[in-house]
Structure formats: C-alpha cells, structure tokens
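Residues per chain, in single letters:
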Amino acid sequence: MKFLSIIFFVFVPNVGSVISGGLKPDNIFLLAGQSNMAGRGGIYNDTKTNLLKWDGMFPPQCNPTPNILTLSLNKTWDIASEPLHKDIDHLKTCGVGPGMPFSNQILAERPNFGVIGLVPCAIGGTKIEMWQKGTILYNQLVDRAKAARESVGGNIRALLWYQGESDCGEQDSMLYKGRLEKFFNDLRDDLYSPDLPILLVVICSGEGNFLSNVRDAQLNINLKNVVPVDSKGSTLLADHLHLDTNSAVRIGQKLADSFLNNFYH
C-alpha cells in the first residue's frame, strides 16, 4: 500500500486544471500498462553506484518535434521527449519506450495527420488487478484521459496497452483474460466511448512460468476494436524482461502501422 500511496500523491485528479499553454493536439492517444510501455530502453546498471540509469541515447525515430505533445503531470501540453514516462513512472528509472516511435511513424506515413497528443499513464510492475475500476491507477487513467479530451474538445483516437508481464504466475494468468476484458469495458464506459480503439501489445516476456497463458488470453480477447500487436521476437535487456531500445522502436512502429491499417481511414 505504501507504493500506491506515493503514486496517489503524485497524481492529483483535477480535470479542471488543464492549461494548454498555446499547445494543443489534434489526436489524443492514451499510453498505459507497465514498464515496457513506460520504457526501459537504454537502461543499464551502474556498477559504481549499483543503481539503474538511462544511457541518455535515443534513435532518430524518437526525435522530439512540435507535432508530438505530451500531457504533463499538471495537465499542460508540452513537447514530448524521452524518457516519456519519467515524471509518471517516477519510482523507476525510465528510458526509451514505444510512444515516441509510434508517433513519429504515424507522422512519417501520414504527414497531414495533425499534432499528436500522448497521455502517459503506465506504471512499472503493475498487475492487471491494480488497473481495475475503482483503483488508484484506473482513476488516474480516466482522469488524465478526460482532462486531455476536454482540453481540445476532441475524441481519444486509441488506447495503447502494454501490460501482463507481472501476471505470469499460475493464478493471475488464469484470471487475466476476464480481468483484462472487464478493464477495457469499464474504461470505455467511463470515457463514454464504447468503440474506443485499443491496440493490445501481446507480451513476449514475463515474471513467472505461465507466460503462454497470458499470451493466449491477449491473443483471444473477443471485444470489438481490440487489435493485438505481437511483441514476439523482441530483443531484451540483460534482465530478460524489458525491451531494449531497438525493440521498443520496433513495437512502437508496429503499433503505428496497426492503428493506420485498422482505424485510420
């Protein structure tokens, strides 16, 4: 509970606090889940301090641009840059994730797409039960999503969801499919968006012996407008759990292609 309490005091729900600062996106995307969405590319263990650090390097697919914005902790729109989740997943060391390459890939393929607004909400080490309706993480996601939408008077284009590595124990993996479907349905209801597109990353690593159960659950979600994007074949850091920079970019680009192919007409 101490972990959750810290998060609670960092994110203070207040939809009315949105201040645009002159920057407004045309297209809003929610980024949620756990560490591989928050980004761990370029993270290494500093042997001198025995602390995890980010190497500060990112590829051109993650370059900042005025056409990619991020919703800050105080709900202002700022130009997005890596590490995208550094203020959101603040208890962990963040690096390169899929959000920036996702956005740059869309803009590369559709130059007239308009300004993208990313809403970072991912928190490392979180199970799906921690995202159920009524939890702190769920409430913060809904709050930030509504704040982003109200600031521009537009619709949310999609949720990008990358989570499940912490649910690879036997019992959690068996319950995962039902919990995930409930989470998606509740989120759509609370955002008044019954057809909200959801891009679901199918995990390729996990903490436990039942990774295949979670993958099967994700690949067999039977909900409208939920499209799986498989991360199988990704290269991982030395911990065998987190995507390295190259794979974070690859997954971001796969998410972009999936969105354009399935939801952009």
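Rules and cut-offs
- Residues numbered from 1 in each chain as written.
- Predicted model: local features only at pLDDT ≥ 70, side-chain atom pairs only at ≥ 80, totals over all residues.
- Heavy atoms only, no water.
- Salt bridge = Lys/Arg side-chain N within 4 Å of Asp/Glu carboxyl O.
- Helix = DSSP H or I, 4+ residues; strand = E, 2+ residues; numbered from the N terminus.
- Buried < 20%, exposed > 50% of the residue type's maximum accessible area, 1.4 Å probe, protein only.
- Pairing = 2+ DSSP bridges.
- Axes fitted to C-alpha atoms, helices over the stretch in contact; angles between N-to-C directions.
- Contact = heavy atoms within 4.5 Å.
- Polar contact = N/O pair within 3.5 Å; in protein donor to acceptor, adjacent residues only side chain to side chain.
- UniProt positions renumbered as here; feature names shortened; annotations may be inferred.
- Parallel < 35°, antiparallel > 145°, perpendicular 65-115°, else oblique.
- Left-handed = near helix turned anticlockwise from the far one by under 90°.
- Nonpolar A, V, L, I, M, F, W, Y, C, P; charged D, E, K, R; others polar.

Before we go on, may I ask you to explain the pattern of salt bridges in this structure?
When charged atoms on two side chains of opposite charge get close, those side chains can pair. Throughout the structure, instances matching the rule amount to 11 salt bridges. For the salt bridge of Lys-133 with Asp-190, the shortest nitrogen-to-oxygen distance reads 2.6 Å. Here the residue Lys-133 occupies a position in the loop between strand E6 (116-120) and helix H4 (136-152), and Asp-190 occupies one in helix H5 (residues 170-190), the gap between them amounting to 57 residues. Owing to a relative accessible area of 19%, Asp-190 belongs among the buried residues under this scheme. Residues Lys-224 and Asp-195 are paired through a salt bridge, measuring 3.4 Å at the closest nitrogen-oxygen approach. Within this pair, whereas Lys-224 is found in the loop between helix H6 (211-219) and strand E9 (226-230), its partner Asp-195 is found in the loop between H5 and strand E8 (198-202), the two being separated by 29 residues in sequence. Judged by relative accessible area, which is 55%, Lys-224 ranks as exposed. What emerges from the salt-bridge pattern is a single network uniting Lys-127, Glu-129, Asp-172 and Arg-179.

Where do I start with the sheet that holds strand E7 (residues 156-162) in this structure?
Across a sheet, strands are paired by hydrogen bonds formed along the backbone, either parallel or antiparallel in direction. Pairing is mixed across the open sheet formed by 7 strands, whose spatial order is E5-E4-E6-E1-E7-E8-E9. Looking at which strands have only one partner, the edges of the open sheet turn out to be strand E5 (77-79) and E9. Within this sheet the neighbouring strands show an average axis-to-axis angle of 25 degrees, counted without direction. Pairing between strand E1 (residues 27-33) and E6: 5 bridges, direction parallel.

Looking at this structure, how should I read the environment of Tyr-44?
With respect to the helices and strands, Tyr-44 occurs in strand E2 (residues 43-46). Given a relative accessible area of 37%, Tyr-44 falls into the partly exposed group. Considered as a pair, Tyr-44 and Thr-93 are 49 residues apart in the sequence and their alpha carbons are 9.5 Å apart. Not counting the four nearest positions on each side in its chain, Tyr-44 is found in contact with Leu-51, Leu-52, Lys-53, Trp-54 and Asp-55.

Any chance you could explain the side chain of Ser-151 here in plain terms?
Checked against the element boundaries, Ser-151 lands in helix H4. Reaching out from Ser-151, the side chain makes a polar contact with the backbone oxygen of Ala-148 at a distance of 2.7 Å.

For this particular structure, what's the right way to read the UniProt feature "domain: Sialate O-acetylesterase" (unreviewed entry) in the protein chain?
The residues that UniProt annotates with the feature "domain: Sialate O-acetylesterase" (unreviewed entry) are residues 26-260. For residues 26-260, helix accounts for 33% and strand for 19%, while the C-alpha atoms at its two ends are 16 Å apart.

Hey, could you run me through the environment of Val-214 in this one?
Position of Val-214 among the secondary structure elements: in helix H6. Sequence separation between Val-214 and Gly-164 is 50 residues, and the spatial gap between their C-alpha atoms is 6.7 Å. Residues contacting Val-214, with those up to four places away along its chain left out, are Gly-164, Asp-167, Cys-168, Ser-173, Tyr-176 and Ile-203.

Looking at this structure, I do not really get the packing of helix H3 (residues 99-109) against helix H7 (residues 245-263). What am I missing?
When two helices pack together, their arrangement is given by the angle between the helix axes and the distance between those axes. Between H3 and H7, the least distance of the axes is 7 Å, while the angle of their chain directions is 50 degrees. By the angle between their axes, H3 is oblique relative to H7. Read as a crossing pair, H3 and H7 show a hand that is right-handed. Listed contacts from H7 to Pro-101, Phe-102, Gln-105, Ile-106 and Glu-109 of H3 are Ala-248, Val-249, Gly-252, Gln-253, Leu-255, Ala-256, Asp-257, Phe-259 and Leu-260.

What am I meant to see in the packing of H5 against H6 here?
For the pair H5 and H6, the least separation of the axes is 8 Å and the interaxial angle reads 20 degrees. The orientation of H5 relative to H6 falls into the category roughly parallel. Along this stretch, H5 crosses H6, giving a crossing that reads as right-handed. Facing H5, whose interface residues are Ser-173, Tyr-176, Lys-177 and Leu-180, H6 presents Asn-213, Val-214, Ala-217 and Gln-218. Here the contact of H5 with H6 is composed, by residue class, of 4 nonpolar, 3 polar and 1 charged.

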